[in-house]
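Close look at the chain arrangement
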Amino acid sequence: FTAALTTTVTDVAPLKNGGFVFCTNATNTTTAQLYAAAGVAGAAATSALPLPTLGALAASGCIEDANGNIIVAYTSAIRSYNSTLTTVNWSYQDTNNLSNTGKLAVRSNGNILVTDRTFNHIVELNSSGGLVQLIGGAVLSTPFNIAVVP
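What comes next concerns the included structure. In this text, all values refer to a predicted model and were calculated from it rather than measured experimentally.

Right, let's talk about the sheet that holds strand S9 (residues 101–106) for a bit. Read from one edge to the other, the open sheet built from 4 strands follows the order S9-S10-S11-S12, with strand pairing classed as antiparallel. Because the sheet does not close on itself, it has two edges, and the strands there are S9 and strand S12 (131–136). The sheet shows a mean angle of 20° between the axes of neighbouring strands, direction not considered. The sheet contact formed by strand S11 (residues 121–125) and S12 spans 5 bridges and is antiparallel. Opposite Glu-124, over in S12, you have Gln-133 as the bridge partner.

Spelled out as structure tokens, the structure:
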């Protein structure tokens, strides 16, 4: 199954159930998909489905939060799906803060961090998708990866 994933995958993240979620930079196709521990493909989502649509956006990062929700960083938006990718919990889309997203991380308090390579900062959102703060600015240069150390 991995051969089919290697051409457009931008991120792979482990799930608590032993499986994984992967994201791709392909637009108008699956941009996030769940896989069971045995490598069997499961549910998938795009930036357009399930509704409401964000338009055709590529995904740069994906991660599972502490509640089992799947968080996906799209080009200029962040979206939270339920654990089966069938329902949108919330979306954050503000082109004044997000233009070219990178990877995601989840803080111990449940807040979500996402890098933005154009604005050179990290956007922190609460677990409901509300803006908490912008971190970095002039001290960062095209940040892409991010990790939270306990």
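With 5 bridges connecting them, strand S1 (residues 9–14) and strand S2 (residues 20–24) associate as antiparallel partners. Bridge pairing in S2 places Val-9 opposite Thr-24.

So, how was this worked out
Residues numbered from 1 in each chain as written. Predicted model: local features only at pLDDT ≥ 70, side-chain atom pairs only at ≥ 80, totals over all residues. Heavy atoms only, no water. Pairing = 2+ DSSP bridges. Helix = DSSP H or I, 4+ residues; strand = E, 2+ residues; numbered from the N terminus. Axes fitted to C-alpha atoms, helices over the stretch in contact; angles between N-to-C directions.

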